Every structure is written in structure tokens, then in C-alpha cells.
Amino acid sequence: EPEQKSFAGKVLRLSVCTMEGAEWVEEVPEDTAVEALKERCLQHCLPGSLEDSKAVPPHKLIHVASKKVLTDTKTLLEENIQDRDVLLLLKKRVPPPPPKTADASAEEKRKQEQKAPDMDAILKATAHLPSHKGRPVTRHNRRDFQTELRKILVSLTEVALRLLALNPDAVELLKKANAMLDEEDRVDEISLRQLTEMGFPETRAVKALRLNHMSVTRAMEWLMEHADDPAVDAPLPGQTASEATAEADAASAPTTAGASSEADGEEANDELTKLFKEIRRKRAFRPDPRAVIALMEMGFDEKEVVDALRVNNNQQNAACEWLLGDRKPSPEDLDKGIDRNSPLLQAILEDPVVQLGLNKPKILLAFEDMLANPLNSTQWMNDPDTGPVMLQISRIFQTLDRT
């Protein structure tokens, strides 16, 4: 092997990654064929599977910086691959072969045989079965559950804010909790450098990381999918860094010395309100720019498109159905709390786990984040501080819903 290397071309050190998150380094001579490198990569990902080549789906290698699919028969030198380049190993999408003329009629016959029966056929086949007209049918509507849970969170947010205002250290506690969340949202420099070294612009890479919870693999996938998207460089909704700094400086300004305790209390309360408004603005709903453009191209106004996406958790198809349908629930319904006298709210507020949680600033931030971005609820369910409270609320809801 050392003798072979001495006659081979320059050795390239290449980073290879997959959509599943695997990442490793391959060292190969520059005169290596792309097909040979691909086989080495597959052997790394799927050791032993190459013995049965039919079991391995076809793959392709992509040069990430140029987004070019490498040709199997060419060498790395011919494809102009440089040392330390990044390659992506991806499964090919194989289109189904067109049916042969002789098989077309047989295929059509098979489709007819597999076709779902119509209502007349169903009624005829089930005519002899006994009737169950008196039997109650329980239907669980996920939208109703989400709507009810949202109302609960709106009411609990109001209670948590009132409880927090009674705590003399509320402002300081809320600042710490907010800073902790900002730290989680901060873009990791190493992740950002990985993407910029692949050739992606820094601002676009930052946006991709924020949208994909700081995952480099998912961010890279997003960047490649949106390369030709006209809205790819549109900034995420929310305040600018200078505004955030100004607000943070204002929130951390010391109170005037010598003021009365009542004035201190009012000032602290004002500061708490100001800080909470800042948090609420930072956690505001962010519509998917691509979905906004797609729905506006259908003729809808921008405001109603944003409302539709907010109601439907940024799901474009659901938002389109909402715009074309009865538009229920309305955006205003999202801000309504649950009835204060409802047994469900009383049971939740009387629970000791919930009572302890409502005194923690992080719970308040979690409620706010879930109200703005319902898809983040999984993150808070898995958080050691907020998870127990969310789990208890869910248990109480399900218990009362069954009864």
C-alpha cells in the first residue's frame, strides 16, 4: 500500500457527511474515481452491505460548495475536488420505469382491482351486519385539543405574571431566565464557520441555523433546498440587535436612589412590564417567508396570510384551507383564555406541581414561547424545569376530558 501511494497523485483529505448526521474524513488520492470513493463511503456507512449490492439503494456524491453532483466515471482531479472540500452522500431518487405497452393493460386492470370500493359497494357488503345506532362514538379532534390547551396557557400566563409581580426579585429573575434563553438561541461560532466554509453567505447561514435549532446538518439541507428561493435572504421577523440592546440597557438601568418604597414598587413593576414586553416581542410568531409568498401569489392579502399561518402553526396547506374556509378559529380566538370558573382551570391551579412552577420565571417564558410558536412545545416538555409542569397540565386535561 505505501508503494501504491508513492505512485498515486496528491492525497486529498475530504470531509463527507450524510443527511442522517454522520460525518467523517476520507483520505484518497486525487486520481481516485468518484465511483470508488462512493463505495468507500457506503462501506463506512453500511459496513458489509456491499456484498449484496441489490440491497443498497443507489447513492450520489455532491460537492457542497458548488452543489454539483459528481460523475461516477470521472476522477476527483477531473471534478476539480480540492483538499479539505466537503462532500454530501445522498440517496438517489429513482423514478419508476414507464410500463411497457404489453404490460399497460395488465397494470390498468391491477389498478382497478386495487381501487377503493364506492359507497354502494360498502352498503351492499355490510347490509347483513347488526346495527349499532345506540352506541356512542367518541371522536377526538386534535384542533379542539390544541385550541383548549392554548386557552389554558393564555390564562396561566396571566396568573404567572401576577404572581411574579409580587416577588421583589422578579425583575432580576426574569432577566436571568431571559439571558439563559438568549444563550440557547445564540448562534454557535463553530457551526456557523462550518457553513460559511462550504461557501454559504454568513447572514444566510445564521438564518438557517436559527430556523433549524442550531443543527448544522438540517441547516445545510435547508440552505440547499432554498438556494433559488427569492425570499432566502429575507430577515426573520423581530427586532434588530440595536433595538434589543437599547431595550436591555433600559431594562437594566438602576432605580433612582432615595425614592419611596411605593415608588420603587411602581418602578419595579414598570420595569417588569417593560422586560416582559421585550420578551414577548422577541418570542413573536415568525411566519415562514416561503409560505407567505406562495399564499400571496394566490391573491390573499399579506396580513390575512400571516394570520392564517399563525393560526395553523406555519403549515402552508392548513393555512390555505383556513383562508378558503370559515376561518375558524380566528386570530382573536388565539388570545382568549379559558373561563375562570371552569373546573379544568380550577383543577390545574390547585395542583401543587403547577403552583410551584407558576412562581418560576422560566415557566412564564415557556408559556409565552408556546403561545407564539406551538411547534416548540416538545422542547419545553423535555426541559427539566418546565417538563413536569407541562406533563401535569396534560394529565389533568386528559383526566377531566375523559370524565
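No experiment lies behind these values; they were computed from the predicted model shown.

Engineer: Teacher, can you tell me more about the pattern of salt bridges here?
Structural biologist: Charged atoms that come close allow side chains of opposite charge to pair. Summed over all chains, the structure comprises nine salt bridges. Across the salt bridge formed by K38 and E35, the nearest N and O atoms sit 3.8 Å from each other. With a gap of three residues between them, K38 and E35 both fall in helix α2 (residues 34-45), about one helical turn apart. For K362, the salt bridge goes to D383, with nearest N and O atoms at 3.0 Å.

Engineer: Explanation requested: helix α12 (residues 289-296) in the structure shown.
Structural biologist: Structural remark: α-helix, 3.6 residues per turn; residues separated by three or four positions point the same way. Inspection of α12 places P289, A291, V292 and L295 among the buried residues, and these make up the whole buried set. Around the axis of α12, the buried residues are gathered within 160° of arc, so they sit on the same side. Where α12 is buried, its residues contact α8 (202-211), α13 (302-311) and α14 (316-324). Structurally, the start of α12 carries an N-cap: the backbone nitrogen of R290 is 3.1 Å from a side-chain oxygen of D288.

Engineer: Just to check I follow, could you spell out the side chain of E79 for this structure?
Structural biologist: Relative to the elements of secondary structure, E79 occurs in the loop between β4 (68-69) and β5 (86-91). There is a polar contact of 2.7 Å between the side chain of E79 and the backbone nitrogen of T71. Discounting residues that sit within four places of it in the chain, E79 has contacts with V34, K68, V69, L70, T71 and K74.

Engineer: Please clarify how the confidence of the model for the chain should be interpreted in this entry.
Structural biologist: Detailed reading of the predicted model is not advised wherever pLDDT is low. Per-residue confidence for the chain gives a mean pLDDT of 75, with 70% of residues at or over 70. The model gives residues 1-6 a pLDDT under 50, and that stretch makes zero contacts with residues more than four places away or in other chains.

Engineer: Where do I start with the pairing of β5 in this structure?
Structural biologist: A regular strand places its side chains so that they alternate between the two faces of the sheet. Note: strand β1 (residues 11-18) against β5, four bridges, orientation parallel. Within the sheet, the bridge partner assigned to C17 lies in β5 and is L88. By the bridge criterion, five bridges tie strand β3 (residues 59-63) to β5 in an arrangement that is antiparallel. Paired with I62 across the bridge in β5 is L88.

Engineer: Just to check I follow, could you spell out the packing of α12 against α13 for this structure?
Structural biologist: To characterise two packed helices, one gives the angle between the axes of the helices and the distance between these axes. Where α12 contacts α13, the two axes come as close as 10 Å, and the packing angle between them is 130°. Taken as axis vectors, α12 and α13 run oblique relative to one another. Taken as a pair, α12 and α13 cross one another with a handedness that is right-handed. Residues A291, V292, L295 and M296 of α12 touch α13, and the partners they reach there are E302, V305 and L309. Here the contact of α12 with α13 is composed, by residue class, of six nonpolar, no polar and one charged.

Engineer: Is there a simple way to explain the sheet that holds β1 in this structure?
Structural biologist: Paired through their backbone hydrogen bonds, the strands of a sheet run either parallel or antiparallel. Sheet architecture is open: five strands sit in the order β2-β1-β5-β3-β4, paired in mixed fashion. On the outer flanks of this sheet lie β2 (23-29) and β4, each paired with one strand and no other. Relative to β2, α2 is tilted by about 145°, and along the sheet it contacts β1, β2, β3 and β5.

Engineer: So what exactly am I meant to see when it comes to a nonpolar patch on the surface here?
Structural biologist: Where nonpolar side chains cluster on the molecular surface, the patch consists of M119, I122 and L123 and spans about 290 Å² of accessible area. You can see I122 is positioned in helix α4 (residues 119-125).

Engineer: Can you help me understand the nonpolar core in this one?
Structural biologist: Note on soluble globular proteins: their nonpolar side chains tend to be buried together. I152, L156, I348, L358, F367 and I393 are the most contacted members of the largest nonpolar core, which has 26 residues in total. If you list the elements that add at least two residues to this core, you get α5 (142-165), α15 (343-350), α17 (361-372) and α19 (387-402). A total of eight residues in this core trace back to one element, the largest contributor, which is α5. If we ignore the near neighbours within four places in the chain, the residues touching L358 are L156, V159, A160, L163, L349, I363 and F367. Counting 19 residues, the second largest nonpolar core, distinct from the first, contains F200, A208, A219 and M220.

Conventions we followed
Residues numbered from 1 in each chain as written. Predicted model: local features only at pLDDT ≥ 70, side-chain atom pairs only at ≥ 80, totals over all residues. Heavy atoms only, no water. Salt bridge = Lys/Arg side-chain N within 4 Å of Asp/Glu carboxyl O. Helix = DSSP H or I, 4+ residues; strand = E, 2+ residues; numbered from the N terminus. Buried < 20%, exposed > 50% of the residue type's maximum accessible area, 1.4 Å probe, protein only. Arc of directions from axis to C-beta. Contact = heavy atoms within 4.5 Å. Polar contact = N/O pair within 3.5 Å; in protein donor to acceptor, adjacent residues only side chain to side chain. pLDDT = per-residue confidence, 0-100. Pairing = 2+ DSSP bridges. Axes fitted to C-alpha atoms, helices over the stretch in contact; angles between N-to-C directions. Parallel < 35°, antiparallel > 145°, perpendicular 65-115°, else oblique. Left-handed = near helix turned anticlockwise from the far one by under 90°. Nonpolar A, V, L, I, M, F, W, Y, C, P; charged D, E, K, R; others polar. Patch = residues over 30% accessible without salt bridge, like charges linked within 9 Å, V, L, I, M, F, W, Y side chains within 5 Å. Areas by Shrake-Rupley, 256 points an atom, 1.4 Å probe, with all protein chains shown as cover. Core = buried A, V, L, I, M, F, W, Y, C linked by side-chain atoms within 4.5 Å.

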